[in-house]
Amino acid sequence: MPNKYARKLAAKLAPEPEGFLAALTEGKSARPAVLWLGDSAESPFTSLSPAPWQPEFVQAVAPGERPGRHVLHDQGAYYCLDLSSVFEASALCGLPTGGTVVDVCAAPGGKTVFAHRALAPERLIANEVIGKRLGPLTGNLKRCAVPAETRCADPARLAEEFAGQARTVLVDAPCSGQSLLARGQDNPGAFHPVNVNSCANRQKRILAESVRLLAPGGFLLYSTCTYAKEENEDVISWLRVRFPELTAQELPAHEMHRSPHADFPCYRLWPETGFGAGGFLTLLKHP
């Protein structure tokens with residue numbers, strides 16, 4: 001059952017507190033989707049109606065489908081992900097294509113694959129600072145035939161190597177992972193303030209280094225799979241004070257999910273809405 005910290009968050013932030021808490025308790029909010037790397041016309045899966053922000057190359061599949069067990073998965077025809085990850089990554093659609101794209105926190109690879117499909121970068125860097133997660137990242141990119149260069153570097157080291165070169169930077173930040181509960185997974189301490197604040201401090205450091213990667217006119221996509229304001233709106237508020245030249249971008253397709261907890265455009269997905277386990281995103285532009 002949700003603890004006192006989860007209930008406090010629900011009362012303060014959630015538009016439907018009881019629905020949110022029920023989603024955490026039931027743990028059935030995950031919604032399977034497949035990101036097609038080629039033609040999806042012959043998909044063997046039953047589709048759900050697409051969300052306004054869902055690109056054509058992503059298929060939301062009906063509950064009960066198991067795309068990860070299909071032979072097409074092993075052949076690299078698509079990448080499996082939760083629909084809430086599509087919500088976050090779809091902010092990339094419509095951005096300038098080509099150039100250099102850097103995924104700072106890339107494992108297990110979903111956002112990197114999405115960037116490859118949506119942006120067709122000339123150079124794609126997939127970085128993962130935790131060494132034991134590099135293997136699954138490399139394996140997924142190889143299976144999907146995504147021509148990315150992998151790195152295992154601290155964001156500060158990455159910023160030194162690629163300073164001012166990236167047209168697009170992705171920071172799917174390590175977080176408290178509160179949405180794992182909505183997927184039915186255990187995550188003790190996800191709502192505890194000590195854990196949340198520790199994650200927020202780490203996110204600030206990663207973002208401050210990631211800004212150094214941006215080329216003039218470049219875009220930075222920040223996302224998490226958690227609900228805490230301290231890790232979402234508050235982190236970006238801190239970043240915008242430190243880098244006032246960054247401007248948060250309006251995303252019309254995401255407007256129905258716009259967060260009321262910030263004075264700049266950012267977007268929240270809650271698990272009770274039926275679009276996956278939930279998450280947060282904002283898209284920032286360098287002048």
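Quick look at the structure, then. (Residues numbered from 1 in each chain as written. Predicted model: local features only at pLDDT ≥ 70, side-chain atom pairs only at ≥ 80, totals over all residues. Heavy atoms only, no water.)

**Focus: the environment of serine 47**
Applied cut-off: A run of DSSP states H or I qualifies as a helix once it reaches four residues; a run of E qualifies as a strand once it reaches two. Both are numbered from the N-terminal end. Relative accessibility decides the category of a residue: with a 1.4 Å probe and only protein chains considered, values under 20% of the type maximum give buried, values over 50% give exposed, and everything between is partly exposed. Contact definition: two residues touch when any of their heavy atoms are within 4.5 Å. Any pair of nitrogen or oxygen atoms within 3.5 Å is treated as a polar contact; in protein, a donor-acceptor pairing is required on top of that, and neighbouring residues in sequence qualify only through side-chain atoms on both sides.
Mapped onto the elements of the fold, serine 47 is located in the loop between β1 (32–36) and β2 (58–60). Taking relative accessible area as the criterion, serine 47 reaches 45% and is therefore assigned partly exposed. Sequence-wise, serine 47 and alanine 62 are 15 residues apart; in three dimensions their C-alpha atoms are separated by 5.7 Å. Setting aside residues no more than four positions away along its own chain, serine 47 makes contact with Gln59, Ala60 and Val61. A distance of 2.6 Å separates the side chain of serine 47 from the side chain of glutamine 59, its partner in a polar contact.

**Observations regarding the nonpolar core**
Inclusion rule: Remark: nonpolar core denotes a set of buried residues (Ala, Val, Leu, Ile, Met, Phe, Trp, Tyr, Cys) joined through side-chain atoms within 4.5 Å.
Membership of the largest hydrophobic core comes to 38 residues, with the highest contact counts inside it found for Leu35, Val58, Val86, Leu92, Phe114, Leu119 and Leu281. The greatest single-element share of this core, amounting to 5 residues, is contributed by helix α5 (residues 110–119). Non-local contacts of valine 86, meaning those with residues more than four positions away in its chain, are made with Ala33, Trp53, Pro55, Val58, Leu81 and Phe114. Counting residues in hydrophobic clusters, the runner-up holds 29 residues, among them Phe162, Val169, Ile206 and Ile236.

**Remarks on the pairing of strand β3 (residues 78–82)**
Note the cut-off: Note on pairing: DSSP must find at least two bridges between two strands before they are called paired.
A large share of β3 lies buried, amounting to 4 of its 5 residues. Note that β1 and β3 share 5 bridges and pair antiparallel. Looking across to β3, one finds that proline 32 is bridged to aspartate 82.

Purely spatial values, then, with no claim about function.
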